[in-house]
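# Coordinates in review
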Amino acid sequence: MKKLLYNLRIINFANFALPLRTLRLSAFLLASTMISAQSKISLEKAIELAKSNNIDLKIADKEIEKQTVLKKTAFQPDPLQVQYQGGQFNSVDFDHNVSVQQFFPLGNVTKANRQLQEELAKLAEKRKALSSYELEKAVTLAYYQYLYGISIQKLNSELNAIYTKFLKNAELRFKTGESGNIEVISAKAKVKEIETQEEQLHYDLVIYQKQLQFFVQTDENIIPDEMTSLQYPFIENQDSKAESLMTDFYQQQISVYQKEAGTFKANRTPKLGLGYFAQTINTESLFQGFTAGLQIPLFGGVNTAKAKAAEISILQSQLALDKNKIILNLQKEELQHNFKKQQKNLNYYQNEGLQYANQIIETAQKSYANGDMSYWSYISFLNQAIDIKKQFAEATHSFNQSTIELQFPTIKNN
């Protein structure tokens with residue numbers, strides 16, 4: 001039987017793809033020693049655990065926390081200036097002068113800085129939402145990848161039962177002289193082939209389980225609940241979560257650039273300086289006074305240029321949003337057509353194909369056991385029925401893949 005393996009489509013999230021080659025090798029080595037209890041888990045629980053355990057989402061939480069802490073940096077006075085002067089600056093006597101001066105930002109500089117940090121914190125939240133979306137997609141693909149492996153394993157077991165029964169009939173017909181030894185040899189070879197494939201399928205399931213465990217990021221040997229329907233449930237005409245997340249991200253990016261431009265403009269305002277001094281005159285003390293002044297940015301072209309650059313970034317983000325909306329809509333149309341194609345294909349096997357396969361197997365077994373069918377005809381009909389069952393499993397798998405892709409279209413955020 002041809003192996004029905006599905007190459008899990010790895011999405012661009014947190015370098016998911018990097019460890020999978022090593023993971024496959026490790027799973028192969030662990031397959032024969034994996035004795036510990038496995039916990040069955042629903043898809044909803046798997047997604048919940050993944051979002052709770054995933055290291056990249058925890059890093060995203062820390063980024064949000066960092067940007068929130070940085071709100072306290074909105075007020076940015078200049079460093080305190082302390083100066084001492086000693087010498088003959090009043091008379092021939094050696095006098096002393098100590099002065100302290102502090103400059104403070106005027107205008108809306110502090111407000112602009114605070115607003116910028118608030119928008120940066122929100123942007124970090126939007127990035128986390130995108131990562132969470134991609135993680136949910138990855139867990140869903142891995143979950144149904146395992147269920148697909150289970151369906152192939154069950155099909156292989158069914159084939160084993162069919163050919164084992166065939167082998168017994170062939171041996172009986174050989175003993176009674178109704179057929180030649182070629183039937184027995186052929187049946188034994190087929191049973192051995194199926195048993196070998198059973199071992200390979202066991203390794204495949206371990207790989208699929210480790211892929212799911214990788215995305216959930218848990219030490220527990222979790223497996224999907226086998227009672228889950230092999231066909232992924234899909235709700236048509238639902239709101240596009242992908243478009244909403246993408247739009248929110250770019251609009252928030254635009255808000256950041258707007259506040260950034262406002263900050264650069266605010267930095268062009270003067271700063272107010274207040275100071276105090278104390279000194280001796282002719283070695284007599286203590287004479288005191290206060291100072292006040294302004295720091296005027298005569299050369300404010302730097303901040304003006306930065307403000308203009310931020311305004312250009314606003315336009316770039318808006319263009320990127322428009323472009324990625326077009327890409328997303330085209331992608332969704334393509335995925336919708338593929339979904340309908342896979343759905344139509346699956347409907348055939350569910351409504352007709354699978355019933356034909358079961359009827360062929362049942363009729364062929366009875367006819368062959370009764371001697372009404374030749375060995376070669378029996379094998380031909382059996383292979384036809386088996387091929388239909390394989391195609392049904394592949395159709396279900398292709399339908400699930402197209403459905404998950406349609407529900408979780410890829411989001412471009414660059």
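Further up the page is the structure itself.
Let us look at the structure shown here. Note that the structure is predicted; figures quoted are calculated from it, not measured.

What counts as what
Residues numbered from 1 in each chain as written. Predicted model: local features only at pLDDT ≥ 70, side-chain atom pairs only at ≥ 80, totals over all residues. Heavy atoms only, no water. Core = buried A, V, L, I, M, F, W, Y, C linked by side-chain atoms within 4.5 Å. Buried < 20%, exposed > 50% of the residue type's maximum accessible area, 1.4 Å probe, protein only. Contact = heavy atoms within 4.5 Å. Phe/Tyr/Trp six-rings, centres within 6.5 Å; stacked < 30°, edge-to-face > 60°. Helix = DSSP H or I, 4+ residues; strand = E, 2+ residues; numbered from the N terminus. Pairing = 2+ DSSP bridges. Expected span 1.5 Å × (residues − 1). Bend = angle between axes of the 7 residues up to and from the residue. Axes fitted to C-alpha atoms, helices over the stretch in contact; angles between N-to-C directions. Parallel < 35°, antiparallel > 145°, perpendicular 65-115°, else oblique. Left-handed = near helix turned anticlockwise from the far one by under 90°. Nonpolar A, V, L, I, M, F, W, Y, C, P; charged D, E, K, R; others polar. Patch = residues over 30% accessible without salt bridge, like charges linked within 9 Å, V, L, I, M, F, W, Y side chains within 5 Å. Areas by Shrake-Rupley, 256 points an atom, 1.4 Å probe, with all protein chains shown as cover. Salt bridge = Lys/Arg side-chain N within 4 Å of Asp/Glu carboxyl O. Polar contact = N/O pair within 3.5 Å; in protein donor to acceptor, adjacent residues only side chain to side chain.

Attention shifts here to the nonpolar core. Most often, soluble globular proteins have nonpolar side chains that are buried together. Residues Leu43, Val139, Tyr143, Tyr144, Leu212 and Ile411 are the most contacted members of the largest nonpolar core, which totals 36 residues. Once residues within four sequence positions are removed from consideration, Tyr143 is found in contact with Ile41, Ser42, Leu43, Ala46, Leu212, Pro224, Asp225 and Thr228. Among the nonpolar cores identified, the runner-up in size contains 32 residues, and Phe339, Leu346, Ile361 and Ala395 belong to it.

Turning to the packing of aromatic side chains, a few remarks are in order. If you walk through the whole model with that rule in mind, you get eight aromatic pairs. Between the aromatic rings of Tyr144 and Tyr232, the centroid separation amounts to 5.1 Å while the plane-to-plane angle is 90°, which identifies the pairing as edge-to-face. Residue Tyr144 is found in helix α4 (residues 109-175), and its partner Tyr232 is found in the loop between β4 (222-224) and α6 (241-266); the two are separated by 88 residues along the sequence. Ring geometry for Phe339 versus Phe399: centroids 5.6 Å apart, planes at 35°, classification tilted. In this pair, Phe339 sits in helix α7 (residues 301-369) while Phe399 sits in helix α8 (residues 375-407), placing the two residues 60 residues apart along the sequence. Phe399 shares its class with Phe339; the two are buried. Among the aromatic residues, those joined into a cluster by ring pairs are Tyr143, Tyr144 and Tyr232.

Each regular strand displays side chains that alternate between the two surfaces of the sheet. Where strand β3 (residues 95-105) lies against strand β5 (residues 271-281), nine bridges are found, and the strand directions are antiparallel. Bridged to Ser99 within β5 is Phe277. Pairing between β5 and strand β6 (residues 284-295): 10 bridges, direction antiparallel. Following the sheet pairing, Leu272 is matched in β6 by Leu294.

Right, let's get into α4. Along an α-helix, residues three or four apart share an orientation, since each turn contains 3.6 residues. With 67 residues, α4 extends 99 Å from end C-alpha to end C-alpha; this agrees with the ideal 99 Å at 1.5 Å per step. Of the residues one or two after α4, Gly177 is the one with positive phi, at around 80°.

Looking now at α7. Given a rise of 1.5 Å per residue, 69 residues ought to cover 102 Å, and the 95 Å separating the end C-alpha atoms of α7 matches this to within 8%. Helix geometry: α7 is bent most strongly at Tyr349, by close to 45°. Downstream of α7 by one or two residues, Gly371 has phi in the positive range, about 80°.

Further remarks concern the sheet that holds strand β2 (residues 81-87). Spatially, four strands are ordered β2-β3-β5-β6 in an open sheet, and the strand pairing comes out antiparallel. Each edge of the open sheet is held by one strand with a lone partner, namely β2 and β6. Geometrically, the sheet is characterised by an average inter-axis angle of 15° between neighbouring strands, direction not taken into account. Of the strand pairs in this sheet, β2 and β3 are connected by seven bridges, and their pairing is antiparallel. Each bridged residue has a counterpart across the sheet, and for Gln83 the counterpart in β3 is Ser99.

In this section: the packing of α4 against α6. One can describe the packing of α4 onto α6 by two numbers: an axis separation of 8 Å at closest approach and a directional angle of 160°. Considering the angle they form, α4 stands roughly antiparallel to α6. Note that α4 runs across α6; the crossing there is left-handed. In the contact of α4 with α6, the residues fall into 14 nonpolar, seven polar and nine charged.

Among the structural elements, Ser132 can be located in helix α4. Owing to a relative accessible area of 14%, Ser132 belongs among the buried residues under this scheme. With 75 residues separating them in the primary sequence, Ser132 and Leu57 have C-alpha atoms 7.1 Å apart. Apart from the residues within four sequence positions on either side, Ser132 is in contact with Lys51 and Leu57.

What follows deals with a nonpolar patch on the surface. Residues Phe75, Phe104, Leu106, Leu272, Leu274, Leu294, Ile296, Leu298 and Phe299 make up a contiguous nonpolar surface patch of roughly 930 Å² in combined accessible area. In this structure, Leu294 sits in strand β6. You can call Leu294 exposed: its relative accessible area is 52%.

Once that is clear, we can look at the side chain of Asn97. Looking at the secondary structure, you find Asn97 in strand β3. Taking relative accessible area as the criterion, Asn97 reaches 11% and is therefore assigned buried. Only 2.8 Å separates the side chain of Asn97 from the side chain of Gln279, close enough to count as a polar contact. Setting aside residues no more than four positions away along its own chain, Asn97 makes contact with Gln83, Tyr84, Gln85, Phe89, Phe277, Ala278 and Gln279.

Functional significance is not addressed by these values, which are geometric in nature.
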